[in-house]
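Each chain, letter by letter, is given below.
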Amino acid sequence: MMTLKLGRRALMLGAAAALSLATSAFADTKVDSIHFLIPGGAGGGWDGTARGTGEALTKSGLVGTASYENMSGGGGGKAIGYLIENAASNEGTLMVNSTPIIIRSLTGVFPQNFRDLTLVAGTIGDYAAIVVGKDSPINSMADLLAAYDADPSSTAIGGGSVPGGMDHLVAAMAMEAAGKDALGVKYIPYDAGGKAMAALLSGEIAALSTGFSEAVDLAAAGEIKIIGVTAPDRVAAAPDAMTMIEQGIDTTFVNWRGLFGAPGLSDEKIAAYQEVIADMYDTPEWEEVRARNGWVNIHNSGDDFKMFLENQEQVIGDLMKKLGFL
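Not measured: the values here are computed from a predicted model.

Turning to the overall build of the protein chain, a few remarks are in order. Along the backbone of the protein chain there are 12 helices and 10 strands. Computed over the C-alpha atoms, the radius of gyration of the protein chain is 20 Å, within 12% of the 20 Å expected from 2.2 N^0.38 for a compact globule of 326 residues. With the principal axes as the frame, the protein chain shows a C-alpha extent of 60 × 45 × 35 Å. Considering only contacts within the protein chain whose residues lie at least 6 apart along the sequence, 79% involve residues at least 24 apart. When the accessible surface of the protein chain is summed, it comes to about 13400 Å², and 52% of that surface belongs to carbon and sulfur atoms. With 22 positive and 38 negative side-chain charges, the protein chain shows a spacing of 3 Å between the two charge centroids.

This is how it looks when you write it as structure tokens:
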């Protein structure tokens, strides 16, 4: 079984959220300022997450001001090292990170891991999807598995990351959960998701492992078909797209993004950050940011966040060992 249990609380806007807006004592949990440390350059997923979160927190009045600092280098390791080495002067800082902190720690790109930081909260996620071209004879995971059984070498799955990267691991995880040998899957890497999608549309590969949000618009336009989603339940943005679980493939995966503090962060600071983040989900300012970016609300706070990360580390580590990347 390759199930990656999310252990998450997915927060939905609706009547309950409207009620909490009326009753939540935001003034009691307000934080004066947050400095967001971003481990990559401008325009990337980490950057967008930090700036979108800061926008929602400040516009809603939950946080007074937000500032941002991009610190690229070392696959995210430079920012992690900086936060650890300068912990005492960074109580007002939150660093954004995501699945690569697991993968790059396991492979030794940097020596630290999430345990060296204060775990504040997981905030959003992007599920993964396996997609095929609009004219492909493949319409489901069962069809893809049948094609693979008939001719493994001609049933290549592409992705926009290097071998052992996230797209490869998702494809391997799905095939392994379907009872296939992940080592036998022919994976073709492309330099970024756009080139991988072009390869799919040209027929160069049989299927593509990609982010769900990247696939939604193309599927709506009729350019591709989503044949499997790694969410635990169907996602509203593409309600016709079946999950892996629905098709008998017991696997889930989300490319989460979350917020981390410096080691030794005070209990008072941790509680304040966690409260304003929890309250943020109930604001129209956050819903505007979330919808604009196509994010999924996935909120793991404190110990739940730790359990989620430990589970993902175990599943990804086991798979990377099997594939020979560890």
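So, on to the packing of aromatic side chains. Scanning the model with the defined rule gives 7 aromatic pairs in all. Geometrically, the ring pair formed by Trp-256 and Phe-305 is edge-to-face, given 5.7 Å between the ring centres and 85° between the ring planes. Pair noted here: Trp-256 is in strand S9 (residues 254–261) and Phe-305 is in helix H12 (residues 303–322), with a separation of 49 residues, a long-range link. As far as the burial class goes, Trp-256 and Phe-305 line up, both buried. Grouping aromatic residues by their ring pairs yields a cluster made of Trp-256, Phe-260, Phe-305 and Phe-308.

Right, let's get into the pairing of strand S8 (residues 224–229). Across the 6 residues of S8, 6 count as buried, placing the element largely inside the fold. When strand S4 (residues 118–133) meets S8, the two strands line up antiparallel, connected through 5 bridges. When the sheet's bridge partners are listed, Val-131 is paired in S8 with Ile-226.

A few words now on helix H6 (residues 141–150). Residues of H6 that are buried: Met-141, Leu-144, Leu-145 and Tyr-148. All buried residues of H6 lie within an arc of 100° about the axis, which places them on one face of the element. Turned more than 90 degrees away from the buried face of H6, the exposed residues are Ala-142 and Ala-150. In this fold, the buried residues of H6 make contact with S4, strand S5 (157–159), helix H7 (166–177), strand S7 (207–211) and S8.

Scoring rules and cut-offs
- Residues numbered from 1 in each chain as written.
- Predicted model: local features only at pLDDT ≥ 70, side-chain atom pairs only at ≥ 80, totals over all residues.
- Heavy atoms only, no water.
- Helix = DSSP H or I, 4+ residues; strand = E, 2+ residues; numbered from the N terminus.
- Rg over C-alpha atoms; globule rule 2.2 N^0.38 Å.
- Contact = heavy atoms within 4.5 Å.
- Areas by Shrake-Rupley, 256 points an atom, 1.4 Å probe, with all protein chains shown as cover.
- Lys, Arg positive; Asp, Glu negative; His and termini not counted.
- Charge placed at Lys NZ, Arg CZ, Asp CG, Glu CD.
- Phe/Tyr/Trp six-rings, centres within 6.5 Å; stacked < 30°, edge-to-face > 60°.
- Buried < 20%, exposed > 50% of the residue type's maximum accessible area, 1.4 Å probe, protein only.
- Pairing = 2+ DSSP bridges.
- Arc of directions from axis to C-beta.

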